[in-house]
Structures are given as structure tokens and as C-alpha cells.
Amino acid sequence: MKRFLTSPWLTIRVQLALGAIFVIAAIPKMADPPSFAHMIYNYRLVPGSLINLSALVMPWVELLAGLALILGVWKAAARTVIGFLLAVFIIAISINLARDNAIDCGCFNVADRGKTHEQRIFDMKVDVFRDLGMLLMVGQLWWAEKRRLDEPPSVDAI
Amino acid sequence: MKRNIFFQIAALVVAGILLAIVANAFASRDRKVSLVGTYPNALKVPARETPPPIATPVAPAPVATMTQPATTTTIAPVTATTTTQPTATAAIETVGINPATKKPPVTATTTTAPTPHAQSPAPTTEFNPHPDKPYVEIGFADVKALHAKNVLFLDARRTSVYEQGHIAGARTYSVWESDIDDKVRKLFDERSDPSAQALPIVIYCSGGDCEDSHMLAQKLWGIQFNNVYVYKDGFPDWQTRGGQVHTGANP
């Protein structure tokens, strides 16, 4: 099991999937920064002066990190950035769940879809689990890389 | 090795910042945001509104103590606020000085669905300035009365949504787009006289938990506009109740 979880076969697929998810998530936010700024505002966690800057920069960082994973360059940096972003998203959504502030996540879509309070709360819980799943993917990448570095080079490689 | 990763992370973030600034500089007007936003309530969690309790038909109203029929929660505070204002400093009839609101150009379709709600309360008859608060929330009947008097209407939703349909005569004033401060400044120039600033202005967005109209009202209050009304139920309510709707980029 351990061998499978850190196998290159699984690692490359996880890397490509995670990269693709972040590229896909970045595109609607880059296309409509005012709507994404509105989404960030709804979280009530970012000071007013930083909302627009966050709405502009975050999608580009997501895109670059996703592309780096897909292309296989700067993998350690890309997965660190993605892991950090996922942790921020999970904490932000959880805080709003705790204070019953129903919001649209703004993760893959920045349009207001006119959901009810209950629908939003349910979706937020789903979003937390989804982000935790992606955080596990980051963990898999980190673990596989660590094992690769720890293992002594094989006879074939020498 | 670790130092290398930190350098790469920093490079990713810096590249993201640079690309974001360049992309924003070349973005179209309605896709652009100002780099530093001004949102005074950004950290304030809104109180959740509980829906009004449904009246039970079996409970008879005590006739001896009731002097007025019950109204909706939206209308009640407005009626109280506007009718207790001491004096009227601006006559509604003079509102038509704004040429932009007087006669909206007929460049797009205008529709009126004749389906008014039967339970619409009577409109408030006076709309006096209220310098102590940035806005007063009003309902359809009041909004309709003000619309009939050619009062200035501002649509706080995104421009793309405005173009799909807006209250006839309303101007687009999206609080999320980069030109909002220019538009507010322009409005101030149009109405720099204190008596003009006391003229009613109605702001609306999408109703429900939409706060864009309240944010715009705060901005206007900050530059001395003291007679601003927020149409709480917003454009969906206006449309449902058969108000005059206009589509396209022009008011």
C-alpha cells in the first residue's frame, strides 16, 4: 500500500490532476476580478484595502502554481504554494461556517447563483471536504518526493 | 535546497503580482478594479435576517388597540423614519432638474409587465432628507412613487447585469468596478449645491442579501448626499411587480 501511494505512477497523476484543478479554478477569477473581489468581501476576513489586490493576485498565483505542477517545473515550490492556499481556504470557510455567515465559496465560479442560506451552508461543508481532499493530494506529492529522496539509489541507477 | 524552494515560491508570487497588475491595467472598464479598495464593512459579519413570521389566520387582531393595519417589515421603519422628519428641504417636484433622469433615451427595449401585487402598501408621501443616517430602506410602493417623480435611480449591480435589464432611467453605478469613484465624483459635480444634494436618490441591487446598494449609499452619504433610499428588495422585486424595465447600456 505504502509502495503504491508513493509510486511514480500515482504521483504523476496526482500532480497533473492538482495542477489542472488549480488552472481551471483560476480562469473564471482572472476573467472577472470585480466579482471575485465581491466573493472575498463576503468572507469578512480580509481588510477592505486588501480585497481588490487579493482578488487580482490570487488567481494568477493559482494559475502559475498549477501550470508549474502540470509542466513539472518548480514542483516543490508549486505544491507548497497550493498547500498554503488550500489551508487558507479551509480555515476561511470553516470560520464562516462557525459564525453562520453563508457565502458562495468563489472557488470555481464567481457568479452569484442566488442560493438560499441553507444551500450555501451545505455547499460550504462540501467545499471544506473537497479542499481537505486536495490537501491530501498535496500530502501525497510531498510524501512521494520525500521517499524518493530518502531511498538509496538503485543498482541500475549506479 | 530549501533556500532554492523559498526563492521559487517568492518568484511565483512576484510573477503573480506583476501579471495581475499588468492584466488589470489592460482590462476593460467593467473588468477592472482599483488596486486599493475602500470597503468600510469588510470585516463586519452581517446579521442574518430572519423571515417575518407568517400570520396565523385564527388569531383575531385586538380591534380596540389596533389603529393601523400591519405592514411588512421592509416598509414599516421607512414610514416611521420619513414621516418623523421635521421639515422638507427639497420639493420632490424639482427633482427633474437632472436631464439624465428626466427622459431616458429610447435605444433599447422597454417592457412593463402588468402584474402588480395586490398587497402593495400605500407609498410614503414625503421623502425628507435624513442627514443622521446614510440611507433608508424602502419598498416597492415608495420606489414606484419616486420613480414616477423622475427621481435619480442608481443601479449598484455589475454593468453586465445592468445591461441585461434595469429599472427604466437608472444609471449604472457598480461599486465593484474601478470607475465608481469617478462616477460618484461626477454625481457630486452635478449636484454640488446643498439643495440638490437633498434631493432623493434611489439605489438598488439584486435584493436578498445583496449589499451593493448599501455600500453605494454609504459612499454618497460620505459626500453629503443626505436623502438616499435603498430599494431593499431590489431589481427582482421591481421586475416581478411589473415595474418599467429597460435593457441595454443606456438608462
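All figures in this text were calculated on a predicted structure; none of them were measured in a lab.

(A) Up close: the pairing of strand β6 (residues 201-204) of chain B. Residues and elements named next belong to chain B. Side chains I201 and I203 of β6 all project onto a buried face; the interleaved residues V202 and Y204 project onto the opposite face, where all are buried too. Where strand β3 (residues 152-155) lies against β6, 4 bridges are found, and the strand directions are parallel. What sits directly across from L152, in β6, is I201. Relative to strand β7 (residues 228-231), β6 is paired through 4 bridges, and the arrangement is parallel. Of the residues in β7, the one forming a bridge with V202 is Y229.

(B) Summary view of helix α1 (residues 2-25) of chain B. Here α1 of chain B spans 35 Å end to end across 24 residues, near enough to the 34 Å set by a 1.5 Å rise per residue. Turning to α1 of chain B, its buried residues are L12, G16, A20 and N24 of chain B. In this structure, the buried side of α1 of chain B is in contact with α3 (33-43), α4 (48-71) and α5 (75-98) of chain A.

(C) Just the packing of helix α2 (residues 8-31) of chain A against helix α6 (residues 117-150) of chain A, in detail. Residue and element names in this part refer to chain A. Where α2 contacts α6, the axes come no closer than 10 Å and their chain directions differ by 140°. Relative to α6, the element α2 lies oblique. The two elements α2 and α6 cross, and the hand of that crossing is left-handed. Each of T11, V14, Q15, L18 and I21 in α2 lies in contact with α6, whose residues at this interface are M134, M137, V138, Q140, L141 and A144. Residues of the contact of α2 with α6, tallied by class, amount to 8 nonpolar, 3 polar and no charged.

(D) Here's a closer look at the environment of V175 of chain B. Residues and elements named next belong to chain B. With respect to the helices and strands, the residue V175 is situated in the loop between β5 (171-172) and α6 (180-190). For the pair formed by V175 and L154, sequence separation is 21 residues and the distance between their alpha carbons is 11 Å. Every residue in contact with V175, bar those within four places of it in the chain, is listed here: A156, I180, D212, M215 and L216.

Scoring rules and cut-offs
Residues numbered from 1 in each chain as written. Chains lettered and ligands numbered in written order. Predicted model: local features only at pLDDT ≥ 70, side-chain atom pairs only at ≥ 80, totals over all residues. Buried ≥ 20, exposed ≤ 12 C-beta atoms within 10 Å, placed from the backbone. Helix = DSSP H or I, 4+ residues; strand = E, 2+ residues; numbered from the N terminus. Pairing = 2+ DSSP bridges. Expected span 1.5 Å × (residues − 1). Contact = placed C-beta atoms within 7 Å. Axes fitted to C-alpha atoms, helices over the stretch in contact; angles between N-to-C directions. Parallel < 35°, antiparallel > 145°, perpendicular 65-115°, else oblique. Left-handed = near helix turned anticlockwise from the far one by under 90°. Nonpolar A, V, L, I, M, F, W, Y, C, P; charged D, E, K, R; others polar.

Any functional reading would require information that these geometric values do not contain.
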